[in-house]
Amino acid sequence: MKNPLSWFTPTRSNTPSNGVPEQKSAGLQSLFAMSGTSHARWTQADYSSLARRGFMGNPIVYRCVRLISETVAAVPLLTYEGVRECDDHPVLDLLMRPNSRQSGKEFMEALIGHLLVSGNAYIERVRVNDTAKELHLLRPDRVKVLADKSGWVHGFEYMTGNSKKRHHVSEIGTCDVTHLTLFHPLDDHYGFAPLQAALMALDVHNAANQWNKSLLDNSARPSGALVYSSNVSNHLSQEQFSRLKDELEEGYAGPNRAGRPLLLEGGLDWKAMGHSPRDMDFVEARNGSARDIALAFGVPPMLLGIPGDNTYSNYQEANRAFARQTLLPMINRTLDNLNHWFQNEFETPIRIAVDEDRVEGLSSEREVVWNRLNAADFLSDDEKREALGYSPNDTGTNAQ
């Protein structure tokens, strides 16, 4: 009963029934084993890991986020009070210079970047004499949504270092912090980032880059095997084995030592090991992962220079699809949130909208509409202007 596990362990003996001890035909020094993990290891889905492994460590993710955020920030905006367009309004000044550290474009780029990497974005409104004077972005991983037992949000908690600051939702539903999210099917309060959907493709793309870098560090070819002709009485000692390994790493590994002749002695023979063409097809694996990442962000691969994508016949069509299917939905949902947040800020309700006539990616669509209306002889000039979203000639102002 001292060792219950011994019941399940078969007894071993080096002495058979004839009384002669058994001997191995070769020493263990000539045995090499290779093993791998039994399952894949994936990047965690927290904000810090996604930012480091994705935006900061992968060129495709970096370019997708920059392309979307910079293009959204460059989209011209219009402000309306009711149906009247305003050329000058305090909200335009606030969006043009939200705070002393950021310009309007920098602020919008960071806002969209938070949404794409985290799925969440938080804006804090700073008031002076009960008037909004500045807007500041809060880093998503530092903000916690406060909800009651019923799941209703009643505030936000911002944590930095050892300090905490809470912003509560008033009885009429207003708060100095607004929360922008992307749809999450399994979470009521936090958004789902496009980068999370492309997490497997991200890890495959990063692993392919690391693998290729390792091949370059090892003379851009796989290693071979040193075969030692040994028997029971003659094999490499542990000291000889360690010395041989060190000499190979110091004298023949690395791109600067590629092509050096290998001097072998003492019964050593070199057997080169090669990869099959299928195993060496890393380029297609990288391009496939890059296309999956671009698909998750809604960026046509053609705009990223990824080869092998013939979906779009030309760059103009790719830009139009990018503007219509990715940029406009992103900027419109952002402006809808800001419109709702600012509705009690000014005496007259305001509405911020995109000036689609000045979006370069949609110029071909607008040209088709203008040519069609220009050829419609049965419409008056005022009816044509109304179809395009303009007011009649007698007012001289735009209305939409």
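Our structure's up above, just so we're on the same page.
The present account deals with the structure reproduced in this document. This structure is a prediction, so every number in the text was calculated from the model and none was measured.

This structure, assessed with the given rule, holds eleven salt bridges. One salt bridge connects Arg 84 with Glu 81, and the closest N-O pair in it is separated by 2.8 Å. For Glu 81, a relative accessible area of 21% translates into the label partly exposed. Salt-bridge contacts for Glu 157 lead to Arg 166; the nearest nitrogen and oxygen are separated by 2.9 Å. Residue class for Arg 166 comes out partly exposed when judged on its relative accessible area of 48%. One network of salt bridges, with partners in common, ties together Arg 125, Arg 127, Asp 130, Asp 176 and Glu 345.

Right, let's get into the sheet that holds strand β5 (residues 143-147). Two strands in a sheet stick together by hydrogen bonds in their backbones, pointing the same way (parallel) or opposite ways (antiparallel). With antiparallel pairing, three strands are arranged side by side in an open sheet as β5-β6-β7. The two strands at the open ends of the sheet, each matched to only one other strand, are β5 and β7 (163-168). Adjacent strand axes in the sheet meet at a mean angle of 25 degrees when their direction is disregarded. In the sheet, strand β6 (residues 153-160) pairs with β7 via six bridges, with the strands oriented antiparallel. By the bridge assignment, Met 159 is partnered in β7 with Lys 164.

Moving on, we come to the packing of aromatic side chains. Counted under the stated rule, the structure contains three aromatic pairs. Arranged with centres 5.4 Å apart and planes meeting at 35 degrees, the rings of Trp 341 and Phe 342 form a pair that is tilted. Across the pair, exposure class does not vary: Trp 341 and Phe 342 are buried alike.

Because an α-helix completes one turn every 3.6 residues, residues spaced three or four positions apart along the sequence face the same direction. Relative to the 16 Å expected for twelve residues at 1.5 Å per residue, helix α10 (residues 363-374) spans 16 Å between its end C-alpha atoms, a close match to the ideal helical length. Within the sequence span of α10, burial applies to Ser 364, Arg 366 and Leu 373. Considering only its buried residues, α10 is in contact with α9 (315-341) and α11 (381-387).

For α9, with 27 residues, the first-to-last C-alpha span of 37 Å sits near the 39 Å given by 1.5 Å per residue. Largest kink in α9: about 35 degrees, centred on Ala 323. Capping of α9 at its N-terminal end is provided by Asn 314; its side-chain oxygen lies 3.2 Å from the backbone amide nitrogen of Gln 316.

Moving on to the nonpolar core. Side chains of a nonpolar character, in soluble globular proteins, are inclined to be buried together. Ranked by size, the top nonpolar core spans 56 residues in total, and within it Ile 68, Ile 123, Phe 297 and Phe 342 carry the most contacts. Those residues in contact with Ile 68 that sit more than four places away from it in its chain are Ile 112, Leu 116, Phe 297, Val 299, Phe 322, Thr 326 and Leu 327. Counting residues in each nonpolar core, the second largest holds eight residues, with Tyr 122, Tyr 158, Cys 175 and Val 177 among its members.

Further remarks concern the pairing of β6. Pairing of β5 with β6 involves five bridges; the strand directions are antiparallel. By the bridge assignment, Ala 147 is partnered in β6 with Val 153. Hairpin geometry of β5 and β6 is characterised by an intervening segment of five residues between the two adjacent antiparallel strands and by a positive phi of about 95 degrees at Gly 151.

Here the focus is unusual backbone geometry. The phi torsion at Asn 129 lies on the positive side, around 55 degrees, for a residue other than glycine. Relative to the helices and strands, Asn 129 resides in the loop between β3 (120-128) and β4 (131-138). The residue Asp 130 is not glycine, and still its phi comes out positive at about 65 degrees. Following the sequence through the fold, Asp 130 ends up in the loop between β3 and β4.

So, how was this worked out
Residues numbered from 1 in each chain as written. Predicted model: local features only at pLDDT ≥ 70, side-chain atom pairs only at ≥ 80, totals over all residues. Heavy atoms only, no water. Salt bridge = Lys/Arg side-chain N within 4 Å of Asp/Glu carboxyl O. Buried < 20%, exposed > 50% of the residue type's maximum accessible area, 1.4 Å probe, protein only. Pairing = 2+ DSSP bridges. Helix = DSSP H or I, 4+ residues; strand = E, 2+ residues; numbered from the N terminus. Axes fitted to C-alpha atoms, helices over the stretch in contact; angles between N-to-C directions. Phe/Tyr/Trp six-rings, centres within 6.5 Å; stacked < 30°, edge-to-face > 60°. Expected span 1.5 Å × (residues − 1). Contact = heavy atoms within 4.5 Å. Bend = angle between axes of the 7 residues up to and from the residue. Polar contact = N/O pair within 3.5 Å; in protein donor to acceptor, adjacent residues only side chain to side chain. Core = buried A, V, L, I, M, F, W, Y, C linked by side-chain atoms within 4.5 Å.

No statement about biological role is implied by the geometric values presented.
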